[in-house]
Amino acid sequence: MKRFLHYPLTLLSASMLLVLPVAANSLAEGLSQRPETTTAPDAIQPSAPVQPGQTVILQEEGTLSPGGPVLPDDSLFEQHIFEGTEGQTVNILMESNQFNTYLILVDPVGQVLSYSNDVDPTSMSSELTVTLPNSGFYRVIANAFEPTGQGDYIVTIKEVDAQTSGE
């Protein structure tokens with residue numbers, strides 16, 4: 001079982017310093033970790049094509065690497081910012097073939113809105129589908145499930161038609 005620790009997360013934006021509460025991850029004692037990939041992985045390709053009723057809001061590649069920003073549990077992270085509208089439904093997918101991903105969505109006022117470890121129990125990808133409660137700039141925190149996780153990843157944010165998503 002995963003433990004969630006609440007720490008303030010300091011993030012820099014172009015015009016201000018924000019201190020945000022974030023659910024940082026850490027492994028509970030006694031749990032086995034998925035093995036890290038030991039061979040050189042192929043380039044990461046998004047696995048989920050755009051479906052009818054979806055529009056790509058943002059698609060960015062990133063790398064969690066030594067020397068990058070860290071959360072209080074010493075796990076690496078990067079942030080991706082997108083503008084959302086109240087009532088808009090978005091699907092956020094983080095994929096990597098190098099580490100087990102962990103995804104955190106922070107709302108415009110700095111509150112953790114949602115987080116995800118796995119698309120399914122056999123996947124290293126993380127996915128969220130959320131209806132945004134407010135208009136403004138949202139932060140997607142790209143992180144790893146294991147504090148030592150690092151490597152390349154892709155974050156894709158799609159707008160989903162509420163009727164298509166079943167909401």
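Since the model is a prediction, treat every value here as computed from it, not as a measurement.

## Focus on the sheet that holds strand E6 (residues 101-106)
- Across the sheet, which stays open at both edges, the four strands sit in the order E4-E9-E6-E7 with antiparallel pairing between neighbours. If you trace the sheet from one side to the other, it starts and ends with strand E4 (77-84) and strand E7 (112-116), each paired once. Neighbour-to-neighbour, the strand axes of this sheet turn through a mean angle of 20°, independent of strand direction.
- Sheet analysis places E6 next to E7, joined by four bridges and oriented antiparallel. Each residue of the ladder has a partner; that of Leu105, found in E7, is Ser114.

## Considering the nonpolar core
- Of all hydrophobic cores here, the largest spans 20 residues; its most connected members are Phe82, Ile92, Leu105, Val140, Val155 and Ile157.
- Within the residue set of this core, elements represented by two or more residues are strand E3 (54-64), strand E5 (89-95), E6, strand E8 (126-131), strand E9 (136-144) and strand E10 (151-160).
- Of the residues forming this core, the biggest block, four residues, is contributed by E9.
- Sequence-distant contacts of Val155, that is, excluding residues within four places in its chain, are made with Leu58, Gln59, Glu60, His80, Ile92, Leu93, Met94, Val140 and Ala142.
- Counting seven residues, the second largest nonpolar core, distinct from the first, contains Leu71, Phe77, Ile104 and Ile141.

## Details of the packing of aromatic side chains
- Under the defined criterion, the tally for this structure stands at three aromatic pairs.
- With a centroid separation of 5.6 Å and 20° between ring planes, the pair formed by Phe82 and Tyr138 is classed as stacked. Of this pair, Phe82 sits in strand E4 while Tyr138 sits in strand E9, and the two are 56 residues apart along the sequence.
- Among the residues examined, Tyr138 registers a relative accessible area of 0% and is labelled buried.
- Considering the side-chain rings of Tyr102 and Tyr115, the 6.4 Å spacing of their centres and the 25° angle between planes classify their relative orientation as stacked. Highlighted residues: Tyr102 in strand E6 and Tyr115 in strand E7, separated in sequence by 13 residues.
- We classify Tyr115 as partly exposed; its relative accessible area is 38%.

## Points about unusual backbone geometry
- Residue Asp74 is not a glycine yet carries a positive backbone phi of 70°.
- With respect to the helices and strands, the residue Asp74 is situated in the loop between E3 and E4.

## Here we look at the environment of Gly87
- Note that Gly87 resides in the loop between E4 and E5.
- A sequence separation of 44 residues divides Gly87 from Thr131, and the C-alpha atoms of the two residues are 5.7 Å apart.

## Re the side chain of Thr101
- For Thr101, the position within the fold is in strand E6.
- A relative accessible area of 0% places Thr101 in the buried class.
- Ignoring anything within four residues of it in the chain, the contact list for Thr101 reads Met94, Glu95, Ser96, Asn117, Met124, Ser125, Ser126, Asn143, Ala144 and Phe145.

Conventions used here
The written sequence of each chain sets the order in which its residues are numbered from 1. Local features in this predicted model are restricted to residues of pLDDT 70 or higher, and side-chain atom pairs are both shown and tallied only at a pLDDT of 80 or more, whereas totals for entire chains, interfaces and linings draw on every residue. Excluding hydrogens and water, the side-chain figures rest on all heavy atoms present in the structure. Two strands are counted as paired when DSSP detects at least two bridges linking them. A helix here means a DSSP run of H or I that spans at least four residues, while a strand means a run of E at least two residues long, and both kinds are numbered starting from the N terminus. A fitted line through C-alpha atoms serves as each axis, taken over the contacting stretch for helices, and the angle formed by two N-to-C directions is quoted from 0 to 180°. Side-chain atoms within 4.5 Å link the members of a nonpolar core, which is a set of buried Ala, Val, Leu, Ile, Met, Phe, Trp, Tyr and Cys residues. The buried label goes to any residue with under 20% of its type's maximum accessible area, the exposed label to any with over 50%, and the partly exposed label to all in between, with areas taken from a 1.4 Å probe on protein chains only. By definition in these notes, contact holds between two residues if any of their heavy atoms fall within 4.5 Å. Any two rings among Phe, Tyr and Trp, with Trp reduced to its six-membered ring, count as a pair given centres within 6.5 Å; such a pair is stacked if its planes are under 30 degrees apart, edge-to-face if over 60, and tilted if neither.

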